[in-house]
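# An overview of the molecular structure
Spelled out, the chains give:
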Amino acid sequence: MKLLQIKMYKRINYIAAILVLVCGLGAQAQVTTSSPYSRYGLGNIKGSLLPQLRAMGGISTAVNKVTGFNYINMQNPASYSGISLTTIDIGMSAGLTSLQRNSLKETSFNSTFSHLAFAAPVTRRSALSFGILPYSDLGYSYRNTVKIDTTTAQQLYEGEGGLSKAYLGYGYRFGDHLRIGGNLEYIFGNLETTRSTEYSSVGAYNAKLQNKNSVGGVNFSYGIQYDFNVGKKTIVTLGYSGTNSGTINSTQTFYATRYLRDAAGNEGLALDTLSAVDNGKSSLKLPLTHNFGISIQQNDKWLIGADFRMGKWSQTSINNVNQGLQDSWGASLGGQWTPDAFSYNSYMKRIDYRLGVNYDKTYIQIGNQDIKQMGASLGFGFPLPTATGGTAFYKINFTAEVGQRGTLTNNLVKEQYVNFHLGFTLNDTWFRKYRVD
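The structure reproduced in this document is the subject of the present report. Each chain has its residues counted from 1, following the order in which its sequence is written. Thresholds applied to this predicted model are a pLDDT of at least 70 for local features of residues and 80 or more for the giving and counting of side-chain atom pairs; totals over whole chains, interfaces and linings are not thresholded and use all residues. Only hydrogens and water are set aside; all other atoms, that is, all heavy atoms of the structure, feed into the side-chain values.

Looking now at the overall build of the protein. We count a stretch as a helix when DSSP gives it H or I for four or more residues in a row; a strand needs E for two or more, and each element gets its number in order from the N terminus. Within the protein, the secondary structure is distributed over 3 helices and 19 strands. When the accessible surface of the protein is totalled, it reaches about 21,400 Å², and 58% of it is carbon and sulfur. Each accessible area is a Shrake-Rupley estimate made with a 1.4 Å probe; only the visible protein chains count as cover when residues are assessed.

The pairing of strand 6 (residues 178-199) with strand 7 (residues 206-229) spans 20 bridges and is classified as antiparallel. In the sheet register, S196 faces strand 7, and the bridge partner there is K208. Pairing between two strands is assigned when DSSP locates at least 2 bridges connecting them. The pairing of strand 7 with strand 9 (residues 247-259) spans 11 bridges and is classified as antiparallel. Across the sheet, N206 pairs through a bridge with Y259, a residue of strand 9. Bridge count for strand 7 against strand 8 (residues 234-243) is 9 bridges, and the pairing is antiparallel. Bridge pairing in strand 8 places I224 opposite Y240. Linking two consecutive strands that pair antiparallel, namely strand 7 and strand 8, is a turn of 4 residues.

What follows is about unusual backbone geometry. In this structure, N102 takes a positive phi of about 55° despite not being glycine. Of note, N102 is situated in the loop between strand 2 (86-101) and strand 3 (104-123). For N411, which is not glycine, the phi dihedral falls at a positive 65°. Note on placement: N411 falls in the loop between strand 18 (392-406) and strand 19 (414-428).

Attention now moves to the side chain of N427. Along the chain, N427 falls in strand 19. N427 gets classed as buried once you look at its relative accessible area, which sits at 1%. Polar contact is defined as a pair of N or O atoms within 3.5 Å, subject to the rule that within protein one atom must be able to donate a hydrogen and the other to accept it, and that residues adjacent in sequence are counted only when both atoms are side-chain atoms. A polar atom in the side chain of N427 sits 3.4 Å from the side chain of T87. Relative accessible area decides the class of each residue, using a 1.4 Å probe on protein chains only: under 20% of the type maximum gives buried, over 50% gives exposed, and in between gives partly exposed.

Definition used in this section: a nonpolar core is a set of buried Ala, Val, Leu, Ile, Met, Phe, Trp, Tyr and Cys residues joined via side-chain atoms within 4.5 Å. Formed by 22 residues in total, the largest nonpolar core has its most connected members in L42, Y135, L284 and L286. Here this core takes 3 residues from strand 4 (residues 126-148), the largest share from any one element. Two residues qualify as a contact provided that any one of their heavy atoms is within 4.5 Å of a heavy atom in the partner residue. Contacts of L284, omitting those with residues within four sequence positions, involve L42, L191, V215, G246, T247, I248, S250, S317 and I318.

Now for the packing of aromatic side chains. Any two of the Phe, Tyr and Trp rings considered here, Trp counted by its six-membered ring, make a pair once their centres fall within 6.5 Å; the pair's planes then place it as stacked at under 30 degrees, edge-to-face at over 60, or tilted in between. Tallying each qualifying case throughout the model produces 16 aromatic pairs. Ring pairs connect the aromatic residues F220, Y222, Y240 and F292, which therefore count as one cluster. Distance and angle both matter: a charge sits over a ring if NZ of Lys or CZ of Arg is within 6 Å of the ring centre and within 35 degrees of the ring normal. Geometry around Y205 places R258 over its ring, the cationic atom sitting 4.5 Å from the centre. Its guanidinium or amino end placed over the ring of F69, K395 lies 4.3 Å from that ring's centre, counting from NZ or CZ.

In this section: the side chain of S221. As for its position among the elements, S221 is in strand 7. Overall, the relative accessible area of 6% leaves S221 in the buried class. Of the polar contacts made by the side chain of S221, one reaches the side chain of E185; its length is 2.8 Å. Among residues more than four places away in sequence, those in contact with S221 are P77, G182, N183, E185, G242 and T243.

For the rest of this paragraph, the subject is the pattern of salt bridges. What counts as a salt bridge is simple: a side-chain nitrogen of Lys or Arg found within 4 Å of a carboxyl oxygen of Asp or Glu. Under the definition given, this model contains 11 salt bridges. Put simply, D176 and R173 hold a salt bridge, and the shortest N to O gap is 3.8 Å. It is possible to trace a salt-bridge network through shared partners that takes in D352, R354 and K395.

For the rest of this paragraph, the subject is the environment of K285. Along the chain, the position of K285 falls in strand 10 (residues 272-285). The class for K285 is partly exposed, based on a relative accessible area of 25%. Measuring from C-alpha to C-alpha, the distance between K285 and Q315 comes to 7.4 Å, with 30 residues separating the pair along the chain. Ignoring any residue separated from it by four or fewer positions in sequence, one finds K285 in contact with S245, G246, T247, Q315, T316 and S317. Here the side chain of K285 touches S245 through a polar contact of 3.3 Å, side chain to side chain.

Moving on, we come to the environment of I371. Following the sequence through the fold, I371 ends up in strand 17 (residues 369-384). The spacing of I371 and D360 is 11 residues in sequence and 8.8 Å in space, taken between C-alpha atoms. Excluding residues that lie within four positions of it along the chain, I371 makes contacts with Y37, D360, K361, T362, I364, I366, R405, G406 and L412.

A separate point is the pairing of strand 4. For strand 1 (residues 44-45) and strand 4, the ladder comprises 2 bridges, and the chain directions are antiparallel. Within the sheet, the bridge partner assigned to I45 lies in strand 4 and is S136. Here 7 bridges tie strand 3 to strand 4, and the two strands are oriented antiparallel to one another. Considered in strand 4, the bridge of A120 is made with L128. In this structure, strand 4 lies alongside strand 5 (residues 151-174), joined through 22 bridges in antiparallel fashion. If you follow G131 over to strand 5, its bridge partner there is Y167.

Right under this line is the structure:
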């Protein structure tokens, strides 16, 4: 018994060291996103997807297990009930973004810690999960030249920050085919925006509006899955998940100031404050979202699935001001194939091969022009060897996404991106009861 305890302590220390190391790297690599479209709403919405699901185009609503290896699918908490081993998933993301407007082009690189998630079975029919991951990213800096009366002026727009989501979820299976689950989510972070108007003439008074919302509040999401057999090893799964249209607390800080720039172009201190709000109590209203999914899979071999999603973003408000967004919808199609998950003589056959595509009409509309997004993804799940006699299973999940958002039509910005996601997944048995004769 003492030997078993020593092994358990070593295992926990090993995993804890990995978590501390990767979290430290993620914190150092954290860079705000660079996207002019993040100006709208709450920023770029990240989605509750781990690399193995992003690789399949983002399908998740009807995904549970594919090859017996445990996923943490927080997009549909009903899937938790299928978790049979203690599971840890941790990862990072990086992206290369190219922006084009007319003949102007700009490229940026960003990297960030992407997620930390834990799940463990509670009973034979249920499991819980908790973790933290990004909810949205806000980061942009651009300017427009306008005419005000007979004077030329520059309008500068800047924003940074984002929201994160910590969750605690539970899933339960009724009978052999029906699963339900829910997540309690705490959404927090800062959204900071600045808008300035600067005149070309020296000595002219320039104006700046600075707004910061510090967000912190509780919301919840839920899901259901039902599966049935259509063959000896073939299963069809139907799924639904959604999020509540909740209102969470926000603290607003707002300043409207005037300032001058000197002959060298340096911004001076604020000459006077026209309006100010310090720590004003406010709120942020989140949208109601729905996700529908279907998948068909052959146990330990392959899975193909499709998702359809929609969000009532027209209801979104910050500081009780509607954000002027439109309702969104999107679809994903993808799958995974594992040639032979139990092959002893071919490593290539044990690798998971994933592919997917996605299309979204986003919540952004500019000048009656819908901003659409489309992409394709490719990924792999690399199993790692273990020396624990088959009681632990490790896998590295790698995903690459390419896509485009926006258009050059009507003087808009076309955003092209290549994103990379890397995750480390552990399946192990931590909480068994041992008998000692």
